[in-house]
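Topology and contacts: notes
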Amino acid sequence: MNNEWPTSHRAFTAKVSRLTLAAMVSLMAGCAVGPDYQKPLIALPEQFKHRQDDSEDMSQRGQKAAQDHRFWLAFGDPELARLVDQAQAANKDLGVAVSHYAQARALLSEARGDQLPTVTMGARGGHEKLSIDQSYGFPRSHDNYSVGVLASWELDLFGRVRRKVEAQRAEVKASEHEVEALRIAIVGETAATYMTLRGLQERLKVVQDNVENQRQMLNLVDVRVKAGRGTDFDSTRALAQFQSTAARVPVIEASIAVAQHRLAVLTGQQPESLDLVSTTARPLPTLPARISPDTPGDVLRRRPDIAAAEERLKAATARIGVAVGDLFPKFSFSGLVGYQAFKADDVFSSRGAMNSGFLGVDWSFLDVSRVKARIAASESEASAQMLQYQQTVLLALEDTENALVRYSRTRMEDSLLEQAARDSTKAAGMARMRYQSGMTDLYELLDAERAVLSVQEQFVDARTRSALNAVALFKAMAGGWPQPDQLAANQTTARKP
């Protein structure tokens, strides 16, 4: 068998190399069709309207946390930090988003492959028998053996394929930023649910303390009734208020269980994993006195939802070029190098060598109306993505302004209700002393007890809202979040048994 590379093959390879080099030079010299992406320019205010002015007593903890992606550490609660870390590693929704990101990266690799030649190799061997009409006097029965390498390549002279890759690359970046946005949302929901849980536990303690106080008051009323210093009406009214207050306990306990279930699912656990968070009541974390944001431009640059919207706009712009590319001819080159023979021993001999090369042109000039329709559709999509980007910017500014004003106002509410709770507790104690000494009737005492419960619950609710608004403000200002590649590694580690 002759395994020497035939001279005709070397000549053919030289021709292919020269043609490929010429095509690459033309490709590099050509311009990509369609519009180039231009970053949208949006006028932004210098500062947020409801930004609190810097002052000497500003909480440095709050100011630092505004720029730290681990904003939950600003609350100084180890249990919260543990839950957030677990949510980032094991949350199922986040795992789905990471998988979609990996899918987008795989599609980008496929799109990049369109810029390279497609090479396939095949071999065939068999026996063939022709009919009399097919043979034309040649032998009707013979063996046929062939082996060859086929290469095909679309010469991207006008940049259609490059625009396709550009669009897919932008889609990957958009998916990356969407993972970051979802991560912020899940961390924020975990922190908010934790704050709600601690607020409910504080509220439960307030109600239980009031139940105990009213139990003691009921005993006092019964003693006075037995001593002839009261009536059954007094005893019935005191009992009704006691039962009304006690009825709040199971409702709050149910809400606590719901919050625990939500935390379990957020951290990738079964809902019944109530040992995830201690059922022992713990106070709400201490909040920063003030949280000072950066400029609107800095905040918007950090927000992944805006980055994702911009990448979607970039992809839509590139797809205009893909559609415009159909107005231009598509040049493709294909070549075959191989051997074919009627005897197995002659397959790799010089007499069996064969090669071919073709330069094809595909131009849909007769289908211009459909091409123009696709171009118009892609331009409309780009316009829609531009509006979506602008809307996302406006919503981000609104989100931050709302969070700023809500946090500052709830902190003011905290201060006022804290004093009101102290005053109402003092008034209730004075009413009890007056009732015991016979200086007032039961109605005044019951009213004072109702007031102290109401104000104390309002104070706890206000502190809970302040904590939730602090979380919302940190979310609105975003932060330097880790890349999805690292997040994917964390998710993979968390899924291992």
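Here the residue index of a chain counts from 1 through its sequence in written order. Note on the predicted model: pLDDT of at least 70 is required for a residue's local features to be given, and 80 or more for side-chain atom pairs to be given and counted; whole-chain, interface and lining totals, by contrast, use all residues. To obtain the side-chain values, all non-hydrogen atoms of the structure were included, while hydrogens and water were left out.

Each helix corresponds to a stretch of at least 4 residues labelled H or I by DSSP, and each strand to a stretch of at least 2 residues labelled E; elements are numbered beginning at the N terminus. Secondary structure summary: the chain contains 13 helices and four strands in total. Only protein chains enter the area calculation, which uses a 1.4 Å probe; residues under 20% of their type maximum are buried, those over 50% are exposed, and those in between are partly exposed. When the 497 residues of the chain are sorted by exposure, 42% land in the buried category. By the convention used here, residues are in contact when the closest approach between their heavy atoms is within 4.5 Å. Expressed as a percentage of contacts within the chain between residues at least 6 apart in sequence, the contacts between residues at least 24 apart total 85%. Accessible surface, the chain as shown: approximately 26800 Å² in total, 56% of it carbon and sulfur. Surface accessibility in these figures is a Shrake-Rupley result with a 1.4 Å probe; residues are shielded only by whichever protein chains are displayed.

What follows deals with the environment of V211. With respect to the helices, strands and loops of the structure, V211 is situated in helix α6 (residues 160-226). Sequence separation between V211 and Q241 is 30 residues, and the spatial gap between their C-alpha atoms is 9.3 Å. With sequence-adjacent residues up to four places away left out, V211 is seen in contact with F242, T245, A246 and V249.

Attention now goes to the nonpolar core. A general feature of soluble globular proteins is that nonpolar side chains tend to end up buried together. Residues F75 and L80 are the most contacted members of the largest nonpolar core, which totals 59 residues. Those elements giving two or more residues to this core turn out to be α3 (78-90), α6, α7 (232-246), α8 (248-266), α9 (296-302), α10 (304-324), α11 (368-436) and α12 (442-477). Here this core takes 14 residues from α6, the largest share from any one element. The set of buried Ala, Val, Leu, Ile, Met, Phe, Trp, Tyr and Cys residues whose side-chain atoms join them within 4.5 Å is what this entry labels a nonpolar core. In this structure, A97, A104, V161 and V179 belong to the second largest nonpolar core, which totals nine residues.

For the rest of this paragraph, the subject is the packing of aromatic side chains. Aromatic rings from Phe, Tyr and Trp, taking only the six-membered ring of Trp, are treated as a pair when their centres fall within 6.5 Å; an angle between ring planes under 30 degrees marks them as stacked, one over 60 as edge-to-face, and anything in between as tilted. The tally for this structure, following the rule as stated, stands at four aromatic pairs. With a centroid separation of 5.5 Å and 75° between ring planes, the pair formed by F71 and W72 is classed as edge-to-face. This pair shows no difference in class: F71 is buried, exactly as W72 is. Ring centres of F75 and F474 lie 6.0 Å apart, and the angle between their planes is 80°; this geometry places the pair in the edge-to-face category. Highlighted residues: F75 in the loop between α2 (60-65) and α3 and F474 in helix α12, separated in sequence by 399 residues. As far as burial versus exposure is concerned, F75 and F474 are alike and both buried. Site record: aromatic cluster; members linked through ring pairs are F71, W72, F75 and F474.

Glancing now at the pattern of salt bridges. Salt bridge, as used here: a side-chain nitrogen of Lys or Arg that lies within 4 Å of a carboxyl oxygen of Asp or Glu. Inspection of every chain in the model, using the stated rule, returns 22 salt bridges. D36 serves as the salt-bridge partner of R163, at 2.6 Å between the closest nitrogen and oxygen. Here R163 is found in helix α6, whereas its partner D36 is found in the loop between α1 (7-29) and α2, with 127 residues between them in sequence. Residue R163 is classed as buried on the basis of its relative accessible area of 3%.

Only the contacting stretch of a helix is used when fitting its axis, a line to C-alpha atoms as for every element, and angles between N-to-C directions run 0 to 180 degrees. Put simply, α6 and α7 touch, their axes get as near as 9 Å, and they point 165° apart. Taken as axis vectors, α6 and α7 run roughly antiparallel relative to one another. For the pair α6 and α7, the crossing hand works out as left-handed. Here α6 contributes V207, N210, V211, Q214, R215, M217, L218, V221, D222 and V225 to the contact with α7, which in turn contributes D232, D234, S235, A238, L239, Q241, F242, T245 and A246. Roughly parallel here means an angle under 35 degrees, roughly antiparallel means over 145, roughly perpendicular means 65 to 115, and every remaining angle is called oblique. Crossing handedness follows the turn of the near helix against the far one: under a right angle anticlockwise gives a left-handed crossing, and clockwise gives a right-handed one.

Its location among the elements puts H177 in helix α6. Among the residues examined, H177 registers a relative accessible area of 13% and is labelled buried. Here H177 is in contact with P304, A307, A308 and E311, once residues within four sequence places are set aside.

This part takes up the packing of α3 against α6. Across the interface, α3 lies against α6 with an axial gap of 10 Å and an inter-helix angle of 145°. Crossing angle aside, the handedness with which α3 passes α6 is right-handed. Residues E79, L80, L83, V84, A87 and Q88 of α3 pack against R183, I186, V187, T190, A191, Y194, M195 and R198 of α6. Polar here means any residue other than Ala, Val, Leu, Ile, Met, Phe, Trp, Tyr, Cys and Pro, which are nonpolar, and Asp, Glu, Lys and Arg, which are charged; Gly is therefore polar. Residues of the contact of α3 with α6, tallied by class, amount to nine nonpolar, two polar and three charged.

None of the figures reported here should be taken as evidence of function without further support.
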